Amino acid sequence: MLDWLLKNIGTIIICTVIMVVIAAIIVSMVKNGNKGKSACGCGCADCPMSCSCRPKK
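Residues numbered from 1 in each chain as written. Predicted model: local features only at pLDDT ≥ 70, side-chain atom pairs only at ≥ 80, totals over all residues. Heavy atoms only, no water.

(A) Broad picture of the overall build of the chain. For the chain, the helix and strand inventory stands at three helices and zero strands. In the chain, the succession of α and β elements from N to C terminus is α-α-α. Put simply, the chain has 57 residues, and 4% of those count as buried. (Helix = DSSP H or I, 4+ residues; strand = E, 2+ residues; numbered from the N terminus. Buried < 20%, exposed > 50% of the residue type's maximum accessible area, 1.4 Å probe, protein only.)

Structure below.
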């Protein structure tokens, strides 16, 4: 088992870093959504789908 870990340590580290980055992006998107910011990067005021995207509070 230890031999396998040592042979694949580079792959394990890279996969862990990628998973952490993806998790940080998802957390950031959720926080922005809860603050009322749009996920697409533009404002929702002129968007024709703004009423179905996120319900008004």
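That covers the picture; the talk isn't over yet.
(B) Fine view of helix α2 (residues 9-34). Here α2 contains 26 residues, and its C-alpha end-to-end distance of 37 Å stays within 8% of the 38 Å for a straight helix at 1.5 Å per residue. Positioned one or two residues after α2, G36 has a phi angle of 95°, which is positive. (Expected span 1.5 Å × (residues − 1).)

(C) Fine view of the pattern of salt bridges. On inspection of all chains with the given rule, the structure shows one salt bridge. We note a salt bridge from K7 to D3, for which the minimum N-O separation is 3.5 Å. Of the two residues, K7 and D3 both sit in helix α1 (residues 2-7), four residues apart, roughly one turn of that helix. What makes K7 exposed here is its relative accessible area of 65%. (Salt bridge = Lys/Arg side-chain N within 4 Å of Asp/Glu carboxyl O.)

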